[in-house]
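# Architecture at a glance
What follows is the residue order along each chain.
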Amino acid sequence: MWMLPEQNQSRVSEFILLGFSSDPTSNRILFIAFLLLYLSSILGNGLIITLICLDSHLHTPMYFFLCILSLLDMGYVTTTMPQMLVHLLAHSQTISFAGCWLQMYVFGALALTECIFFVVLAYDRYVAICYPLRYTVILSWRVCTQLAAGTWACGFFLSLIHTFLTMRLPYCGPSIVNHYFCEGPSVRSLACMDTHLIETVDLVISVFVVVTPLSLILASYIHIALAIFKIKSTRGRCKAFSTCASHLTVVILFYAPATYIYMKPNSSYSPERDKQISLFYNVFTALLNPVVYSLRNKDIKGAFLKVIEHGRVTW
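Source: prediction; values computed, not measured.

Scanning the entire structure with this criterion turns up two salt bridges. Taking the shortest distance from any N to any O, the salt bridge between R125 and D124 comes out at 2.8 Å. Summarising the burial analysis for this pair, R125 and D124 share the class buried. Across the pair R188 and D202 runs a salt bridge whose closest N-O atoms are separated by 2.4 Å. Of this pair, R188 sits in helix α6 (residues 184–188) while D202 sits in helix α7 (residues 196–229), placing them 14 residues apart in sequence. Here R188 matches D202 in class, with each residue buried.

Our next topic: the environment of L218. Relative to the helices and strands, L218 is located in helix α7. On the basis of relative accessible area, L218 is assigned to the exposed category, the value being 54%. Distance from L218 to A122, taken between C-alpha atoms, is 8.8 Å for residues 96 residues apart in sequence.

With that settled, consider the side chain of Q103. Assignment of secondary structure puts Q103 in helix α3 (residues 97–130). Of the residues examined, Q103 reaches a relative accessible area of 6% and is grouped as buried. In this structure, Q103 is in contact with T79, T80, Q83, I95, F181 and C182, ignoring residues within four places of it in sequence.

Chain-level pLDDT for the protein is 82 on average; 89% of the residues reach the 70-or-more range. Per-residue pLDDT, averaged within each element of the protein, yields its smallest value for helix α10 (residues 298–314) (71) and its largest for helix α5 (residues 141–167) (92). Note on residues 1–10: pLDDT under 50 across the span, and 21 contacts to partners over four residues away in sequence or across chains.

Below, the discussion takes up empty space enclosed by the protein. Under the defined criterion, the tally for this structure stands at two cavities of 30 Å³ or more. By volume, the second largest cavity amounts to about 50 Å³. In this structure, the second largest cavity is lined by L17, G19, F20, M84, H87, L88, Q93 and Y180. It is helix α2 (residues 61–89) that contributes the most residues to the lining of the second largest cavity, three residues altogether. Per-class residue counts for the lining of the second largest cavity are five nonpolar, three polar and no charged.

Rules behind the numbers
Position numbers for residues count from 1 along each chain, tracking the sequence in the order it is written. Whole-chain, interface and lining totals are the exception, using all residues; otherwise, since this is a predicted model, local features are given only for residues with pLDDT of at least 70 and side-chain atom pairs are given and counted only at 80 or more. Note that water and hydrogens are dropped before the side-chain values are worked out from all heavy atoms of the structure. The working definition used for a salt bridge is a side-chain nitrogen of Lys or Arg within 4 Å of a carboxyl oxygen of Asp or Glu. Remark: exposure states derive from per-residue accessible area (1.4 Å probe, protein chains only) relative to the maximum for the residue type, with buried under 20%, exposed over 50%, and partly exposed in between. Secondary structure elements are taken from DSSP: a helix is a run of H or I of four residues or more, a strand is a run of E of two residues or more, and numbering for both begins at the N terminus. The contact criterion used is simple: two residues touch if any of their non-hydrogen atoms lie within 4.5 Å. For every residue, the predictor assigns a confidence score, pLDDT, that lies between 0 and 100. With a 1 Å grid laid over protein atoms only, a set of points is called a cavity when a 1.4 Å probe fits there but cannot get out and a pocket when it is open yet has protein on both sides within 12 Å along at least five of seven lines; lining residues have an atom within 4 Å of a point. Grid points are joined across faces, edges and corners, and a volume is the space filled by probe spheres set on the points. Following the grouping adopted for this structure description, the nonpolar residues are Ala, Val, Leu, Ile, Met, Phe, Trp, Tyr, Cys and Pro, the charged ones are Asp, Glu, Lys and Arg, and the polar ones are all others, Gly among them.

What follows is the structure, given as structure tokens:
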């Protein structure tokens, strides 16, 4: 019978994260590239949060949800990128067992929360397009906060299950993780015992946070598409389709690689390929979300121009 081992059976006290390259020149180039990506993600998402907080015209359910999305993006990209940047220049690439545990948990919690949160964004668009006159009634501030709190609670709870089961495995060495951060499947591949049960648990969690949300998002957009075709104004239809296409683009870029990483069996684990794929939902999605959702939005642009003009007047 499969049993969880006691903690003192784990003989590994730290892990070594290999990252992308062992060549110093390549690492310096990667450092500059990833630093620019990280700063762009933080500045873009931070700008959106600031503008939404400062402009009272943006205090609506949609922008409340976009503000939370930006906060999630900033959170989980910060969980992995700063350490990766340090490791690209440092001689030591180690991370303690506790540090690995914490990184895996926080990253998983924020990523799982975002998986579920995309359903909330789809529901927001569904109500806005299908029931525009009742939009603020259906999505009251109480409902918005409940939806947001519910997604965060689910994400952190499910990540706790995933992290606890992964880190309770016995790790007898070697302790070399062929990844740039402590991602569950990469660390789990080092365990010196059968991981079939944890793979099954991960599959169940993945069905809950990937398959179910995708089904709900698809159902929402089918109803949205039907409602859009009823709009008589060509301009109105184009605007609605543009908004929906942006959302679906980000959903695909986030869900597709995450589904591949977490729903495939451990036997098909490929470290080099998995490292590259994980960049899409870890780094590039956080960078693209501000562009796709908000920075091309006229309300956000208007708020940005007002802040700039106010700054000029004050100066």
